[in-house]
Amino acid sequence: MPLPPETEEYRSKLVSLFKKADTFTSDDDELSAHWAAYLCVLTSGLMECGLKEVLSLYVETTSGTDVVKYVKAQLAKIQNPRPETILTTVGQFSSDWRDKIEIRAQGRIASSVGSVISNRHLIAHGKPVDLTLLRMRAYFDDCVAMLDLLNEHCTSAPGSSAIPAGTDTRSS
C-alpha cells in the first residue's frame, strides 16, 4: 500500500536529498558527515510525521469526529518515536497490530529506527555522532519499512479506506 500523501512526499524529498548528497560529498569526508547528520534529522522527522499521518488517516476513516479529535490530540504529543513508542502507540489501536509489527520489525528495522532517533537527539544537542551516508541510507530504508508495516496494518484493517486506490506516487 502506498504511504499517505504527505508522508510519501516527505519520503520522496529525502530520496532526492540522498542523491544530491552523493554528488556533493564524494571526496569530502567532513561534508559527507554533515550531510549524514542532516539526513538523520530529516529521517527522524519522517518517522514522527509518518506515524502521526498513518494513524490519523486510519482514525479519520473509521471513527467519528470526537474520537478523531481526541486521537489526533494524543498523537500530536508524540516526539522522537523510538521503536518502543511506536509499538506502544500502535498497541493502543490494536494489540494484534502491535504484535505483528513487533515481530516483523525486530532486529534491523527496529534497531535502525532507534539509531536514527538516538542520533537525532545527539545531533540536536551538539554531540558528535558516527554516521556515514551509507549507514544513514540503510537507516532511512529501514525507517520507511517501519512506516510501510504500520501503513499495511492500518489500510488493511476492516472498515479502513485510509488511502484511496491508485495513489501510489513513489518514484524510487
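Residues numbered from 1 in each chain as written. Predicted model: local features only at pLDDT ≥ 70, side-chain atom pairs only at ≥ 80, totals over all residues. Heavy atoms only, no water.

Novice: How would you explain the packing of helix 2 (residues 29–62) against helix 7 (residues 133–156) if you had to name every residue and give the values?
Specialist: At their nearest, the axes of helix 2 and helix 7 sit 10 Å apart, and the two run at 0° to each other. One finds that helix 2 runs roughly parallel with respect to helix 7. The class makeup of the residues in the contact of helix 2 with helix 7 is 19 nonpolar, four polar and no charged. (Axes fitted to C-alpha atoms, helices over the stretch in contact; angles between N-to-C directions. Helix = DSSP H or I, 4+ residues; strand = E, 2+ residues; numbered from the N terminus. Parallel < 35°, antiparallel > 145°, perpendicular 65-115°, else oblique. Nonpolar A, V, L, I, M, F, W, Y, C, P; charged D, E, K, R; others polar.)

Novice: So what about the confidence of the model for the protein chain? Which residues, and what values?
Specialist: Averaged over the protein chain, the pLDDT score is 90; the fraction of residues at 70 or greater is 90%. Averaged over each element, pLDDT in the protein chain is lowest for helix 1 (residues 5–24) (93) and highest for helix 6 (residues 108–124) (97). This stretch, residues 162–172, has a pLDDT under 50; its non-local contacts, to residues over four places away or in other chains, come to 23 contacts. (pLDDT = per-residue confidence, 0-100. Contact = heavy atoms within 4.5 Å.)

Novice: Explain the side chain of D142 to me, and be specific about the residues and the numbers.
Specialist: Along the chain, the position of D142 falls in helix 7. Side-chain polar atoms of D142 contact the side chain of R108, separated by 2.8 Å. The residues touching D142, leaving out its near neighbours within four places in the chain, are R108, I109 and S112. (Polar contact = N/O pair within 3.5 Å; in protein donor to acceptor, adjacent residues only side chain to side chain.)

Novice: Any chance you could break down helix 2 for me, citing the residues and the numbers?
Specialist: Residues spaced three or four apart along an α-helix point in a common direction, a consequence of the helix completing one turn every 3.6 residues. Counted at 1.5 Å a residue, the expected span for helix 2 with its 34 residues is 50 Å, and the 49 Å between its end C-alpha atoms agrees. For helix 2, the N-terminal cap is D28; the gap from its side-chain oxygen to the backbone nitrogen of E30 is 3.1 Å. (Expected span 1.5 Å × (residues − 1).)

Novice: Which residues make up the packing of helix 6 against helix 7, and what values do they have?
Specialist: Helix-helix packing is characterised by the crossing angle of the two axes and by the distance between the axes. In the contact formed by helix 6 and helix 7, the axes pass within 8 Å of each other and the chain directions differ by 115°. One finds that helix 6 runs roughly perpendicular with respect to helix 7. Note on packing geometry: the crossing formed by helix 6 with helix 7 is left-handed. The segment helix 6 lies against helix 7, with R108, I109, S112, V113, S115, V116 and N119 engaging M136, Y139, D142, C143, A145 and M146. (Left-handed = near helix turned anticlockwise from the far one by under 90°.)

Novice: Describe the environment of P83, with residues and values.
Specialist: Tracing the chain through its elements places P83 in helix 4 (residues 83–93). For P83, a relative accessible area of 7% gives the class buried. Residues P83 and I117, spaced 34 residues apart in sequence, show a C-alpha to C-alpha distance of 9.2 Å. With near-sequence residues (within four places) excluded, P83 lies in contact with A110, V113 and G114. (Buried < 20%, exposed > 50% of the residue type's maximum accessible area, 1.4 Å probe, protein only.)

Novice: Kindly report on the pattern of salt bridges, identifying the contributing residues and their values.
Specialist: Applying the stated criterion across every chain yields a total of ten salt bridges. Of the charged contacts in the structure, one is a salt bridge between E60 and K72, with a shortest N-O distance of 2.3 Å. With E60 in helix 2 and K72 in helix 3 (residues 65–75), this residue pair connects regions lying twelve residues apart in the sequence. For K72, a relative accessible area of 35% puts it in the partly exposed group. Of the charged contacts, one joins D142 and R108 as a salt bridge, the two residues approaching to 2.8 Å between their closest N and O atoms. Of this pair, D142 sits in helix 7 while R108 sits in helix 6, and the two are 34 residues apart along the sequence. Taking the relative accessible area as the measure of exposure, D142 reaches 4% and is therefore buried. Its relative accessible area of 58% is what places R108 among the exposed residues. (Salt bridge = Lys/Arg side-chain N within 4 Å of Asp/Glu carboxyl O.)

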